[in-house]
Amino acid sequence: MSTPAATMISPLQIGPHTVQPPVVLAPMAGITNAPFRTLCRGFAAGDGWGSGGRPPGAAGSGKGLFVSEMITTRALVERNEKTMQLIHFDATEKPRSIQLYGVDPATVGKAVRMIAEEGLADHIDLNFGCPVPKVTRKGGGSALPYKRNLLRAILREAVSGAGDLPVTMKMRKGIDDDHITYLDAGRIAVEEGVTAIALHGRTAAQHYGGTADWDAIARLKEHVPEIPVLGNGDIWSAEDAVRMVRETGCDGVVVGRGCLGRPWLFSDLVAAFEGRTDGCARPTLREVADVMVRHATLLGEWIGDEARGVIDFRKHVAWYLKGFAVGSEMRKRLAITSSLAELSDGLAELDLDQAWPLGADGPRGRTSGNNRVVLPDGWLKDPYDCAGISEDAELDTSGG
C-alpha cells in the first residue's frame, strides 16, 4: 500500500466539539469498548509503538472522535449493570461519545435526558444503521428510517432532551434497493436539529457484503448542505479515507471494520488528514504482538479479571495476524488462550522479525451480503404509520 497523498480538510464541528482531524471510530458491538478506544486514541495521539516510554497504544488525549459500542436506551434507563459498565469512560476521553439504540420515542427521550442531566457523556449518536436480525425484527437500526414519522418522533425527543449536548445519527441507504430511505431521513434529521449525519453506503440487505456506494454519500452531502455528512464503508486504509473525501465531498469519515486488528490505522489517518506524508504504519510482527498483549491486558484490567479479558480478546487474534506467516495450528492455539502468560508465550514462538506482509490490508470482519432483512410483520405496508411501537419493542441489553 502506498503512502496516501497528503490532504487538508476542515475540522468537523459537532456542537461545541471540534473534531480534528474529522475521523470517527464507528461503534461496533463487542469491539469499541473502553480498552479498544484507549488503543485507538493512543495511536491517534502519536503514542503508539511505545514512543516516549509509553506502552503501545497508551491512553492519550487523542485526535478524532471515538464512540462507545451500542447502548440500548431501555437498558440505560433501567441502569442495567453491564450497560453502566459500557458507558464508563477513561478520564482522558474527551469528548465522551455514546451511541444509543432505541425504537420507542419515549424511552429514547428518557435515556437522553438521563445522559444530559447526569453528565454521562458529551455527545450522543443515534443508531439507525445496525442490520442484524435481532435489531431489525424489532423495527430498530437500519429498519427504522423507513417509518418516517417514527424517525422524526425519536429525533425530536432526543434533541429536545439532550439540552446542550449535540445529537448525531448514523444510518444506511435503506432496507434494500426497493426501499431507499437515506435522503428522506437526512432531510428529517436537519429539520429536527440533528448536528451531523454518518451514512454507511450499503442497504440493510447488503449487511457488509459487496461494495459500499460512495455515490450515495455524495448525494446526501448535496441534499443536506446545512450539516456535516460523514462517509462510512470500505475504508481499509488512510488512502481510502482520503479518496472518499475527495470523491464524495463528505466532511469526515467513520471507520469501522478497517481498524479491526489495526488500531494503528488512526495514526495513519491523522497523518493523512493533517497533510503529512509520514503515515502508513507497517509494523513488524513483533510490534503487532506487543499491541496484542497490550490489548488483552487492557481488557483484563477493564473487566477486572485477567482470564476473562484474554478470553474476550480471542476474537481479535485472527484480525491482528492476518497476512503474517502463522501456521493454522498456532492460530488455533492463540485463539483459545486463557492467560496473558499463555498468550505471550505463544506469540514468542512466532518469527517475530517478519515484516509487514503484502495483502495484510483489506476486508476484515463480517463480509456477508444479500440477506433477507428480518422486519416486524407488515412493516413495509406504510412508510408513515408507526402504530404498535412501544417499550416492548426495545432491546434490554447493550453491546449489540
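Residues numbered from 1 in each chain as written. Predicted model: local features only at pLDDT ≥ 70, side-chain atom pairs only at ≥ 80, totals over all residues. Heavy atoms only, no water.

Each helix and strand counted, the protein chain has 15 helices and 13 strands in total. The 400 residues of the protein chain split such that 60% are buried. Restricting the contact set of the protein chain to residue pairs at least 6 apart, pairs at least 24 apart contribute 73%. With an accessible surface of roughly 15200 Å², the protein chain has 49% of that area assigned to carbon and sulfur atoms. (Helix = DSSP H or I, 4+ residues; strand = E, 2+ residues; numbered from the N terminus. Buried < 20%, exposed > 50% of the residue type's maximum accessible area, 1.4 Å probe, protein only. Contact = heavy atoms within 4.5 Å. Areas by Shrake-Rupley, 256 points an atom, 1.4 Å probe, with all protein chains shown as cover.)

With 19 residues, helix H11 (residues 285–303) ought to run about 27 Å at 1.5 Å a step, and its terminal C-alpha atoms sit 27 Å apart, in line with that. Looking one or two residues beyond H11, the residue adopting positive phi is Gly304, at roughly 90°. (Expected span 1.5 Å × (residues − 1).)

On to the environment of Pro228. By the element assignment, Pro228 lies in the loop between helix H8 (214–223) and strand E12 (229–232). Here Pro228 falls in the buried class, since its relative accessible area comes to 18%. Residues Pro228 and Val194 lie 34 residues apart in sequence; the distance between their C-alpha atoms is 9.9 Å.

Moving on, we get to the packing of aromatic side chains. Scanning the entire structure with this criterion turns up 6 aromatic pairs. Ring centres of Phe43 and Trp264 lie 6.3 Å apart, and the angle between their planes is 75°; on these two criteria the pair is classed as edge-to-face. Of this pair, Phe43 sits in helix H1 (residues 34–44) while Trp264 sits in the loop between strand E13 (252–255) and helix H10 (265–273), and the two are 221 residues apart along the sequence. The burial state of Phe43 is the same as that of Trp264; both residues are buried. (Phe/Tyr/Trp six-rings, centres within 6.5 Å; stacked < 30°, edge-to-face > 60°.)

The next point concerns the pairing of E12. The side-chain alternation of E12 yields two buried faces, one formed by Val229 and Gly231 and the other by Leu230 and Asn232. Alignment of strand E11 (residues 196–200) against E12, held across 4 bridges, turns out to be parallel. Bridge pairing in E12 places His200 opposite Asn232. Handedness of the crossover joining E11 and E12 through H8: right-handed. (Pairing = 2+ DSSP bridges. Right-handed = clockwise from strand over helix to strand, strands pointing away.)

Moving on, we get to empty space enclosed by the protein. Under the defined criterion, the tally for this structure stands at 3 cavities of 30 Å³ or more. Lining the largest cavity are 16 residues, with Val24, Asp125, Thr168, Ala198 and Val254 sitting closest to its centre. Sorting the residues of the lining of the largest cavity by element identifies strand E1 (12–14), strand E7 (123–128), strand E8 (167–172) and E11 as the ones contributing at least two each. Each residue belonging to the lining of the largest cavity can be placed in one class, and the counts come to 12 nonpolar, 2 polar and 2 charged. Roughly 80 Å³ of volume is contained in the second largest cavity. In terms of lining, the second largest cavity is formed by 13 residues, of which the most central are Trp236, Leu265, Asp268, Arg282 and Asp361. (1 Å grid on protein atoms, 1.4 Å probe; cavity = no way out; pocket = protein on both sides within 12 Å on 5 of 7 lines; lining within 4 Å. Points joined across faces, edges and corners; volume = space filled by probe spheres on them. Nonpolar A, V, L, I, M, F, W, Y, C, P; charged D, E, K, R; others polar.)

Further remarks concern the layout of surface pockets. Roughly 240 Å³ of internal volume is contained in the second largest pocket. As for the second largest pocket, its lining consists of 12 residues, and the residues nearest its centre are Lys82, Gln85, Leu86, Trp302 and Asp312. Going through the elements one at a time, helix H3 (81–86), H11 and helix H12 (306–313) are the ones with two or more residues in the lining of the second largest pocket. Of all the elements, H3 adds the most residues to the lining of the second largest pocket, at 4 residues. Here the residues of the lining of the second largest pocket are counted per class, giving 3 nonpolar, 4 polar and 5 charged.

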